[in-house]
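Results of the structural survey
Letter by letter, the chains look like this.
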Amino acid sequence: MNRSLAISGGSTLIYAGLAIVMGVLPGIWLSKVPPTPGLKPLTPLEARGRDVYVSEGCFYCHTQQVRPLSGDKPFGRPSAPGDYAYQTTELLGSERTGPDLSNIGTRQSSSIWQYIHLYQPRAVVPQSIMPAFPWLFRVVDELPPGEKAVPLPPQFAPGGVVVPNDDGKALAAYLLSLKQPALVPTQSGAAPLSPTTEPLGFDATKGAALFADNCASCHGAEGKGVPGTFPPLAGDPVVSAANPTAHISAVLRGLSGKVINVQKYEAQMPAFADQLADQQIADIINHERSSWGNRGALISAADVVAARANEPLPKQATSPEQVSPIATPTPSFDAAEGSKLFADNCAACHGAEGKGVPGTLPPLAGDQVVNATDPAEHITAVLRGLSGKAINGQKYEVEMPPFADRLSDQQIADIINHERTSWGNQGPLVTPADVTKLRANK
């Protein structure tokens, strides 16, 4: 009996020791970690919002821990211990049904967007599965003094004036407070890229992905915006302007209270100067300037560098395969349509990332024909198909079907331009007229 008690007492001591080593000591160590420079304590309103965040179960579906993985890059930089200095217990979360929120206050700094999203997520993100939180709002007949109405799209409006209640205001304030201070200097002092050597082509796939991660929640995947709340980009005169200065400046520095086509938009557009690299901003802008029917001249990362410094945009060297971004007309294409057409007609063989199937179906990434200055061979292959072609010393027996009788000249041009601007390819763009000319050369 005494021996059993001794063993039991020894086990208790072991478990107590493990608890100290695994729980108490790390807690003491973490409590001494200084806040990340630039991190601010929560205000009383934000602290109340944190309590609402917990009580509503937001942490069930959203994390606040950005991992050092490529898939987490859209959410912000990798989290650091000092990021949690003013929030105990840390709301790290373990599920990511929705996006990570560590930097949501920077990524989506508009309180109007936050209110619309909380009241009805599908008003701004049609594919969202997040539940609505209408109990964080009041529906009144008349707008109370000092309040601002939540500008819901008509199909989601309840028939009265929607205003956030105290819990709704607190939760929005907390979400807007979630901002990651920079750990390294931003690139605003980076040396400008050489405008004489940088090609004007852009990676359409990257541009579409960056737009989806950073812009689509307000402007919509199809560039239509939210009527009266977030402006459309399809057909916008700034997006289609020959001079891209205003377009670049808006992405770098953000906008608020802007009048666009006689409509004033109160929601704040966040600045991306400290969030994205020059090439990423150029890719987003080029996606917007070549999608949804827009035909704005393409820009380069060097143009973004110059706009950061408020310098005149560098003049691009003109050659048969490279046209200045300020010159008009310029070959352009609908990047979103090209991506869709490629997915529907080509990705089954060549792969969504242009890698093909080794030894069976050829890759398009880095292919000499796809990058050639003269696009004739590229266009001919799409029009008439290929069989038994030797590419980079490898013979491919699988027959590529012709698309001349299946797709229009514009569709073929869009597919070819998608291939010529994706996966690191830098082939000059083609026009439907180029396809028409070669279609006639039977």
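Source: prediction; values computed, not measured. (Residues numbered from 1 in each chain as written. Predicted model: local features only at pLDDT ≥ 70, side-chain atom pairs only at ≥ 80, totals over all residues. Heavy atoms only, no water.)

Considerations on the side chain of H418
Note that H418 resides in helix α16 (residues 409-420). Of the residues examined, H418 reaches a relative accessible area of 2% and is grouped as buried. Once residues within four sequence positions are removed from consideration, H418 is found in contact with A204, T205, F333, G338, S339, F342 and W423. (Helix = DSSP H or I, 4+ residues; strand = E, 2+ residues; numbered from the N terminus. Buried < 20%, exposed > 50% of the residue type's maximum accessible area, 1.4 Å probe, protein only. Contact = heavy atoms within 4.5 Å.)

Quick look at unusual backbone geometry
Working note: non-glycine residues mostly have negative phi, and peptide bonds are mostly trans. Note the cis peptide between T88 and T89, where omega equals 5 degrees. Tracing the chain through its elements places T89 in the loop between α2 (44-55) and α3 (104-107). Backbone geometry places W423, a non-glycine residue, at a positive phi of 60 degrees. Judged by relative accessible area, W423 falls into the buried class, the value being 17%.

Remarks on the packing of aromatic side chains
What the rule picks out here adds up to seven aromatic pairs. Between Y53 and Y174, the ring centres sit 5.3 Å apart and the planes meet at 65 degrees, which makes this aromatic pair edge-to-face. Here Y53 is found in helix α2, whereas its partner Y174 is found in helix α5 (residues 166-177), with 121 residues between them in sequence. Given a relative accessible area of 0%, Y174 falls into the buried group. Seen from their ring centres, F133 and W135 are 5.4 Å apart, and the 70 degrees between their planes marks the pair as edge-to-face. Cluster of aromatic residues (ring-pair linked, three or more members): Y115, Y119 and F137. (Phe/Tyr/Trp six-rings, centres within 6.5 Å; stacked < 30°, edge-to-face > 60°.)

Considering the nonpolar core
With 31 residues, the main nonpolar core has Y53, I116, F137 and F230 as its most contacted residues. Breaking this core down by element, the ones donating at least two residues are α2, α4 (111-119) and α5. When neighbours within four sequence positions are excluded, Y53 is seen to be in contact with C58, F59, H62, Q64, L91, L101, L171, Y174 and L175. Among the nonpolar cores identified, the runner-up in size contains 20 residues, and L210, L233, I285 and V304 belong to it. (Core = buried A, V, L, I, M, F, W, Y, C linked by side-chain atoms within 4.5 Å.)

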